[in-house]
Amino acid sequence: MKKRVVVTGLGLITPLGTGVEKSWKAICAGESGIDRITRFDPTEFSSRIAGEVKDFNPEDYIEKKEIKKMDTFIRFAVGASQIAVDDSGLKISDENRDRVGVYVGAGIGGLPAIEYYHKRMLEEGPKKISPFFIPMVLINLTSGQIAIRFGLNGPNSCAVTACSTGTHSIGDAFRIIQRGEADAMIAGGTEAAICPLAVGGFAAMKALSTKNDEPKRASRPFDRERDGFVMGEGAGILVMEELDFARKRGAKIYCEIAGYGMNADAYHITAPSPQGHGAAKCIRLALDDAKMRPEDIGYVNAHATSTSADSIETQAIKTVFGEYAYRLPVSSTKSMTGHLLGAAGGIEAIFTILAIKEGILPPTINYEYPDTECDLDYIPNKARYASINAALSNSFGFGGTNASIIVKRFTD
């Protein structure tokens, strides 16, 4: 018998603010966290906008002597994990630490530190490289540092699957608990890659929006005038527990993880498969795993990044949901946060969970000009009150790696 898995804690750090309440309030208000890049001078770049985290103070979550051992993406992960663990009320002890694990990944990881220390080495020599450089940039150090912080000896790993990372991490942690290999997992995604090399690289691919004069209107999923995604940063972390374990300690329960699907397009290094065949199969896998019909889903938090691929995800949704797709609310919170790359699936899972808990469906802002190939209900511009029992969150990454997760209202 597969174990039932519930969510008991949430942690968010996003361009909309640090903490779940701040980010969720902004999402419901349809606010944008996109602005001109301040992390470096972007004047020479074709895209000069991003969703930067402005209010995170690492010293609020991490001892000062430990901060220098972490690049920003790890700091975000540790901070969001602390928020999630505090929210869950989970206490770690000698009795349970072997049964609590971590599964937190990133898509790019410590590229800013790599960029910084490469420059220092060229200019000042190898003696200027920090002894903490390697553990600063390794993606599995997200899970490693979280485990060290809380003293967790359970399963410890990470996904590194580009923009699917957060959802794969949550889904894989879900499976670990289902199989009985852990009683609880801290899981999600993190990213902090707003640096010249990353922005320049994505710009060279023509992947980024160049609506530099209107940053808050630049991320516009499904809109006819979309011209590329906007980079974001932050972390989204869940505390997930086996149901009986959560019940025994009297934990509050946000929702139940119902289903998880993962597959590959095997088509192209960056583009999704035409007509969304891979995405459609991934969504079906999640539905099958949850033992749900398409009509059981009340909301979809789409991967939609504000690129041409939005129409392909739209087609995938129509393939799976048929005529019901036209009555199914779909939105992209990336219109407000930008695309958090490896952290996207983590924060979007949390927004999806809160949609069920709070009865509020997040909007797709900046939706002004309908696209004939994007013809579903995208909850345009204003959040919508609705009571739903189950919702789907999609993440699709470079290399054709796909992940879908279904969450549902918890009932005994």
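As a reminder, the structure under discussion sits directly above these lines.
Residues numbered from 1 in each chain as written. Predicted model: local features only at pLDDT ≥ 70, side-chain atom pairs only at ≥ 80, totals over all residues. Heavy atoms only, no water.

**Q** Explanation requested: the overall build of the protein in the structure shown.
**A** Each helix and strand in the protein was counted, giving 13 helices and 15 strands. By principal-axis analysis of the C-alpha atoms, the protein measures approximately 65 × 55 × 40 Å. Of the accessible surface of the protein, which amounts to about 16200 Å², a share of 51% is contributed by carbon and sulfur atoms. Taken as two groups, the 47 positive and 50 negative side-chain charges of the protein have centres that lie 2 Å from each other. (Helix = DSSP H or I, 4+ residues; strand = E, 2+ residues; numbered from the N terminus. Areas by Shrake-Rupley, 256 points an atom, 1.4 Å probe, with all protein chains shown as cover. Lys, Arg positive; Asp, Glu negative; His and termini not counted. Charge placed at Lys NZ, Arg CZ, Asp CG, Glu CD.)

**Q** Explain the environment of Ala 187 to me, please; I cannot follow it from the model alone.
**A** For Ala 187, the location among the structural elements is in strand S7 (residues 184-191). Note on Ala 187: relative accessible area 0%, which makes it buried. Separated by 57 residues in sequence, Ala 187 and Asp 244 have C-alpha atoms that sit 19 Å apart. Apart from the residues lying within four places of it in its own chain, the contact partners of Ala 187 are Tyr 103, Val 104, Ser 169, Ile 170, Ala 173, Gly 236, Ile 237, Leu 238 and Met 240. (Buried < 20%, exposed > 50% of the residue type's maximum accessible area, 1.4 Å probe, protein only. Contact = heavy atoms within 4.5 Å.)

**Q** I'm lost on the packing of aromatic side chains in this one. Help?
**A** Here a ring pair, both rings aromatic, is described through the centre-centre distance and the interplanar angle of the planes. Applying the stated criterion across every chain, the model contains eleven aromatic pairs. Their ring planes at 80 degrees and their centres at 4.9 Å tell us that Tyr 116 and Tyr 117 sit as a pair that is edge-to-face. What makes Tyr 117 buried here is its relative accessible area of 14%. Look at Phe 202 and Phe 229: their rings are 5.3 Å apart centre to centre, the planes differ by 80 degrees, and that puts the pair in the edge-to-face class. (Phe/Tyr/Trp six-rings, centres within 6.5 Å; stacked < 30°, edge-to-face > 60°.)

**Q** Any chance you could explain unusual backbone geometry here in plain terms?
**A** Most peptide bonds adopt trans geometry, and most residues besides glycine take a negative phi value. Even without being a glycine, Ala 162 presents a positive backbone phi close to 50 degrees. Structurally, the position occupied by Ala 162 is in the loop between strand S6 (156-157) and helix H7 (165-178). A relative accessible area of 23% places Ala 162 in the partly exposed class. The backbone of Asn 366 sits at a positive phi, close to 65 degrees, despite the residue not being glycine. Here Asn 366 is to be found in the loop between strand S12 (360-361) and strand S13 (384-385).

**Q** Hey, could you run me through the packing of helix H1 (residues 20-29) against helix H13 (residues 344-358) in this one?
**A** In helix packing, the relevant descriptors are the interaxial angle and the interaxial distance, both defined with respect to the helix axes. It is the contact of H1 with H13, at a shortest axis distance of 11 Å, that shows an interaxial angle of 75 degrees. One finds that H1 runs roughly perpendicular with respect to H13. For the pair H1 and H13, contact is made by Val 20, Ser 23, Trp 24 and Ile 27 and by Phe 351, Leu 354, Ala 355 and Glu 358, respectively. (Axes fitted to C-alpha atoms, helices over the stretch in contact; angles between N-to-C directions. Parallel < 35°, antiparallel > 145°, perpendicular 65-115°, else oblique.)

**Q** Sorry if this is basic, but what is going on with the side chain of Ser 306 here?
**A** Mapped onto the secondary structure, Ser 306 falls in the loop between strand S10 (299-301) and helix H11 (310-321). Accessibility expressed as a relative area gives 0% for Ser 306, which makes it buried. Beyond its immediate stretch of four places on either side in the chain, Ser 306 contacts Ala 218, Ser 219, Arg 220, Pro 221, Arg 226, Asp 227, Gly 228 and Phe 229.

**Q** Mind showing me how you'd approach H7 here?
**A** Since the α-helix advances by 3.6 residues per turn, residues separated by three or four positions end up pointing in the same direction. Between its first and last C-alpha atoms H7 spans 20 Å; for 14 residues at 1.5 Å apiece the expected length is 20 Å, and the two agree. Taken across its 14 residues, H7 has 13 buried, putting it largely inside the fold. A positive phi of about 85 degrees marks Gly 180, the residue just after H7. (Expected span 1.5 Å × (residues − 1).)

**Q** Before we go on, may I ask you to explain the nonpolar core in this structure?
**A** Across soluble globular proteins, nonpolar side chains have a tendency to be buried as a group. Counting 46 residues, the largest nonpolar core has Val 7, Leu 10, Leu 238, Met 240, Ile 257 and Ile 353 as its most contacted members. When residues in this core are grouped by element, the largest group, nine residues, is from H13. In this structure, Met 240 is in contact with Val 5, Val 6, Val 7, Ile 170, Ala 173, Phe 174, Ile 177, Asp 183, Ala 184, Met 185, Ala 187 and Ile 257, ignoring residues within four places of it in sequence. Grouped together as the second largest cluster of nonpolar side chains are 35 residues, Phe 56, Met 70, Val 102 and Ala 192 included. (Core = buried A, V, L, I, M, F, W, Y, C linked by side-chain atoms within 4.5 Å.)

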